[in-house]
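# Observations on the three-dimensional arrangement
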Amino acid sequence: MKIARFAHGETISFGIIDEEEHELVVLKADPMFAGYEPTGERVPLAEAKLLAPVIPRSKVIAVGKNYHDHAAEMGGAAPTEPLLFLKPNTSVIGPGDPIVLPPQSERVEHEGELAVVIGSIAKNVREEDADQVIFGYTIANDVTARDLQQRDGQWTRAKGFDSFCPLGPVISTEVDLERGTIETSVNGVRKQEGRLADLVHSVPAIIAHASSVFTLLPGDVILTGTPAGVGPIVDGDTVEVTVSGLGTLSNPVRAAK
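### Observations concerning the side chain of Thr144
For Thr144, the position within the fold is in strand β13 (residues 144-145). A polar atom in the side chain of Thr144 sits 3.4 Å from the side chain of Glu111. At 2.7 Å, the side chain of Thr144 and the side chain of Lys159 are in polar contact. Excluding its chain neighbours within four sequence positions, the residues that come into contact with Thr144 are Arg107, Val108, Glu109, Glu111, Gln149, Ala158, Lys159 and Phe164.

Encoded structure:
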């Protein structure tokens, strides 16, 4: 099942995507909290603007260096346990929204990732129970001001600017973590590609580790890591991140005004 948060006219709603009819089955409320009761209304996909499918009320958790090839390109080995950092929820934008390049940075880079959306309160979750707290999966771009990351020595500023966490286009309740793929393109040129199965630390392992540190809340988003091939984006670019079974998250890049 694919779930969208969308604008139609002046109304923001949630809906289930009917891919055969190219329509949204409108739901009465946020299905994470209210279930999947339809209103009876349908909206053509072509008439809807897809928004960030979730706005985390609490936090965006991310995992650094979670592909061996990306860890190598960053000059080191993958950590022996998930390397966690946080992005503020103010960094979240949706499909088609611009990634805004901050004037403080001279090198901003893309990092396409699979994201996990948490669906229930979770603390000290065992790996074998991780599926019970997952609401679904979406696509993320962990946009990073690389020069600031290197200058600061820690990652909060470099990864925390407004617009530095595009999410979307939908949440899918199922993803093939064994055979699924991810790729990132800039202006139609492929820059990154990887297999979801090649994550150093698996989705269940990440959830177990993160929930041992802090309580996960419904709507929290976990970015699972990016494959090799990260690189710069500049004003006028378009970045597309595609995950098999989830679709494509596309965002233009704009200089700050």
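That was the structure; now back to the text.
### Side note on helix α5 (residues 203-213)
α5 sits mainly inside the fold: eight of its 11 residues count as buried. Residues of α5 that are buried: Val203, Ala205, Ile206, Ile207, Ala208, His209, Ala210 and Ser211. The inward-facing, buried residues of α5 contact β6 (60-64), β7 (83-87), β11 (112-118), β12 (134-141) and β17 (221-223).

### Observations regarding unusual backbone geometry
Residue Pro169 follows Gly168 across a cis peptide bond; omega there is 0°. Position of Pro169 among the secondary structure elements: in strand β14 (residues 165-172). A positive phi is found at His22, a non-glycine position, where the angle reads about 55°. With respect to the helices and strands, the residue His22 is situated in the loop between β2 (11-18) and β3 (23-27). The class for His22 is exposed, based on a relative accessible area of 54%. The residue Ser163 is not glycine, and still its phi comes out positive at about 85°.

### As for the pattern of salt bridges
Counting across every chain of the model gives 20 salt bridges. Across the pair Lys49 and Asp97 runs a salt bridge, and its minimum N-O distance is 3.7 Å. Here the residue Lys49 occupies a position in strand β5 (residues 49-50), and Asp97 occupies one in the loop between β8 (92-93) and β9 (99-101), the gap between them amounting to 48 residues. Since its relative accessible area comes to 25%, Asp97 is described here as partly exposed.

Rules of the game
Residues numbered from 1 in each chain as written. Predicted model: local features only at pLDDT ≥ 70, side-chain atom pairs only at ≥ 80, totals over all residues. Heavy atoms only, no water. Helix = DSSP H or I, 4+ residues; strand = E, 2+ residues; numbered from the N terminus. Polar contact = N/O pair within 3.5 Å; in protein donor to acceptor, adjacent residues only side chain to side chain. Contact = heavy atoms within 4.5 Å. Buried < 20%, exposed > 50% of the residue type's maximum accessible area, 1.4 Å probe, protein only. Salt bridge = Lys/Arg side-chain N within 4 Å of Asp/Glu carboxyl O.

Scope: geometric values only; no functional claims are made or implied.
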